[in-house]
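Structural characterization, general
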Amino acid sequence: MTQTSRIKWAGDIFGNVQPTWVIEPSVSELSTLLTPYLSQLVDAQGPIQVRTLAQGVINKAYTAAVGDKAYVARVTLPIDPGSKTLSEVATLQYLRKHTKIPAPEVFAWNADECNSLGYEWILMGKIEGLPLSKVWAAGVSWESRIRVVEEVAEAIGELWNLRFPSIGSLYKKDEKYEVGRIMSMEYFWGERLTYNIDRGPFTSSYDWMMCRCNLMLAEAVRNFDNSETENSKEVASRTRSLIQGLIAILPTFFSRDMVDEKFSLSHTDMSGSNVLLSPQGTLAALIDWEFTAALPLWASCKMPKFLISNERVEKPDVKEYARNGDGTVNKLYFEHLEEWKKTELRGFFIEKMKLIGPEWFEEWCSESGIRKRAFEWAMRRCNGEIYQQRIKDWLDGQNQEN
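Predicted model only: the values in this text are computed from it and were never measured.

Rules used throughout
Residues numbered from 1 in each chain as written. Predicted model: local features only at pLDDT ≥ 70, side-chain atom pairs only at ≥ 80, totals over all residues. Heavy atoms only, no water. Helix = DSSP H or I, 4+ residues; strand = E, 2+ residues; numbered from the N terminus. Rg over C-alpha atoms; globule rule 2.2 N^0.38 Å. Buried < 20%, exposed > 50% of the residue type's maximum accessible area, 1.4 Å probe, protein only. Contact = heavy atoms within 4.5 Å. Areas by Shrake-Rupley, 256 points an atom, 1.4 Å probe, with all protein chains shown as cover. Lys, Arg positive; Asp, Glu negative; His and termini not counted. Charge placed at Lys NZ, Arg CZ, Asp CG, Glu CD. Axes fitted to C-alpha atoms, helices over the stretch in contact; angles between N-to-C directions. Parallel < 35°, antiparallel > 145°, perpendicular 65-115°, else oblique. Left-handed = near helix turned anticlockwise from the far one by under 90°. Nonpolar A, V, L, I, M, F, W, Y, C, P; charged D, E, K, R; others polar. 1 Å grid on protein atoms, 1.4 Å probe; cavity = no way out; pocket = protein on both sides within 12 Å on 5 of 7 lines; lining within 4 Å. Points joined across faces, edges and corners; volume = space filled by probe spheres on them. Core = buried A, V, L, I, M, F, W, Y, C linked by side-chain atoms within 4.5 Å. Pairing = 2+ DSSP bridges. Expected span 1.5 Å × (residues − 1). Salt bridge = Lys/Arg side-chain N within 4 Å of Asp/Glu carboxyl O.

**Here we look at the overall build of the protein chain**
A count of helical and extended segments in the protein chain gives 12 helices and 14 strands. By the compact-globule yardstick of 21 Å for 402 residues, the protein chain fits well, its C-alpha radius of gyration being 23 Å. With the principal axes as the frame, the protein chain shows a C-alpha extent of 75 × 55 × 50 Å. Relative to its 402 residues, the protein chain shows a buried fraction of 49%. Looking at the protein chain alone, contacts between residues at least 24 apart form 67% of all its contacts between residues at least 6 apart. Accessible area of the protein chain: about 20400 Å², with a carbon and sulfur share of 50%. Measuring between centres, the 47 positive side-chain charges of the protein chain sit 1 Å from its 54 negative side-chain charges.

**Description of the packing of helix α6 (residues 205-226) against helix α7 (residues 230-249)**
Interaxial distance between α6 and α7 falls to 8 Å at its minimum, and their mutual angle equals 155 degrees. With respect to their mutual orientation, α6 and α7 come out roughly antiparallel. When the axes of α6 and α7 are compared, the crossing they make is left-handed. Residue-level inspection shows Met210, Cys213, Asn214, Met216, Leu217, Ala220, Val221, Asn223 and Phe224 of α6 in contact with α7, the latter providing Lys233, Ala236, Ser237, Thr239, Arg240, Ile243, Gln244 and Ile247. Of the residues that constitute the contact of α6 with α7, the class distribution is 10 nonpolar, five polar and two charged.

**As for the layout of surface pockets**
Size it by volume and the second largest pocket reaches roughly 210 Å³. Lining the second largest pocket we find Leu132, Ser133, Trp136, Ala137, Arg145, Gly272, Phe306, Phe334, Leu337, Glu338, Lys341 and Lys342. Mapped by element, the contributors of at least two residues to the lining of the second largest pocket are α3 (132-138) and α9 (331-356). With five residues, the top contributor of residues to the lining of the second largest pocket is α9. Here the residues of the lining of the second largest pocket sort into six nonpolar, two polar and four charged.

**Some thoughts on the nonpolar core**
If you look at the biggest cluster of nonpolar residues, it comprises 45 residues, and the most contacted ones within it are Trp136, Val275 and Phe349. Counting residues per element, this core draws most heavily on helix α4 (residues 142-161), which supplies nine residues. Setting aside its immediate chain neighbours within four residues, phenylalanine 349 contacts Val149, Ala153, Ile156, Lys302, Met303, Pro304, Leu307 and Trp360. In terms of nonpolar packing, the next biggest core, distinct from the first, is built from 32 residues, Tyr187, Leu242, Leu295 and Ile391 among them.

**Observations regarding the sheet that holds strand β6 (residues 106-110)**
By definition, the strands of a sheet pair up through backbone hydrogen bonds, in either a parallel or an antiparallel sense. Taking strand neighbours across the sheet as the criterion, the five strands line up as β3-β4-β5-β7-β6 in an open arrangement whose pairing is antiparallel. In this open sheet, the two strands that pair with only one neighbour each are β3 (49-55) and β6. Put simply, the sheet's adjacent strands are angled 20 degrees from each other on average, direction ignored. Relative to strand β7 (residues 120-125), β6 is paired through four bridges, and the arrangement is antiparallel. When the sheet's bridge partners are listed, tryptophan 109 is paired in β7 with isoleucine 122. Contacts from helix α1 (residues 27-41) reach β3, β4 (59-66), β5 (69-76), β6 and β7 within the one sheet, and its direction differs from that of β7 by about 45 degrees. Running at roughly 165 degrees to β6, helix α2 (residues 83-98) makes contact with β4, β5, β6 and β7 of the sheet.

**Describing helix α11 (residues 367-381)**
With 15 residues, α11 should reach 21 Å at 1.5 Å per residue; the first-to-last C-alpha distance of 21 Å fits that figure. For α11, the complete set of buried residues consists of Gly369, Lys372, Arg373, Phe375, Glu376, Ala378 and Met379. Looking at the packing, one finds that the buried side of α11 touches α6, α7, α8 (297-300), α10 (358-365) and α12 (388-401).

**Section: the pattern of salt bridges**
Within this structure, the stated rule accounts for 24 salt bridges. Aspartate 288 is the salt-bridge partner of arginine 74, the closest N and O atoms lying 2.6 Å from each other. Within this pair, whereas arginine 74 is found in strand β5, its partner aspartate 288 is found in the loop between β13 (283-286) and β14 (293-296), the two being separated by 214 residues in sequence. What makes aspartate 288 partly exposed here is its relative accessible area of 26%. One salt bridge connects lysine 352 with glutamate 154, and the closest N-O pair in it is separated by 3.3 Å.

Now the structure itself:
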């Protein structure tokens, strides 16, 4: 299925394409559209109050309130028409049925933009909570941070224990859940939805990684042909060379003949904005499951994004940092302090995962898993000019070893 005229891809000041809304969703139309659904959920009189809640790269979220009951309506751009909404709904339903992970409840949805709003949408429960990034920035106790890290680890442990027959996203068909085409930004960004490539499901890491490399190669060739400056042409040329190098060594990282490979469910964007905390500072919910997929164990085994930072082993000493003109401590101290805290918290996370998921810990430490994640890191970033020399050096090292 192709993207429609309601989405437009435009370049930013750095030359990267970003999606834009050709037509803004009508709040009044959204209110009218949701009325029959909310009337079945809420036994209350009065008008529906729809207000803008938040906006992401491809979604707009609104609160839909009737009396003292509030819900969230999320409207999405047609980045992968139909499939994205159907997969997200199936994933949320699966999680609530098969896990204890706090995730939003879905009440209604439309995966077809042929409606009065003109966009796909999902109506889900509103979970009271604040993003972890805001709560931690405002200042919380060390014990509270540790507790949240352990709660997130337990949720990741539940996901890790789920097993699926292939790589891809979840869909629901005839009341049964199945793995289908994968939902991932790398498959539809810009013109990528038009590329003639396999989108899953995949039965092995080899097939999945080869497909992703071919996608990157196709885009590098297209970018080279469409380059308007010498610099962009050089970047595209280097990207093509790096991808070809990665494809050449791919069989040394991923076996083509591997049988009975295991796959688990993975939340691919566990950032500080997608972890909601209660007023007591505990985990209230994990949100934004739209790109969740069944992935190989080595790919599911990763650090939550909200814990990623520069490594800082020693706690910074405030006396060693400069003061501003008003006598306050330079902000660099607080940046380094946060890095130290996250470094410490990563240790707590690993220890918790070691306790509740020995197999996860084994995969995390395994040389094979580390090598595969390094390959994926290089593949995902080889079109980035700032990474290209580093990836070339890494490739040269791999070729020498082989």
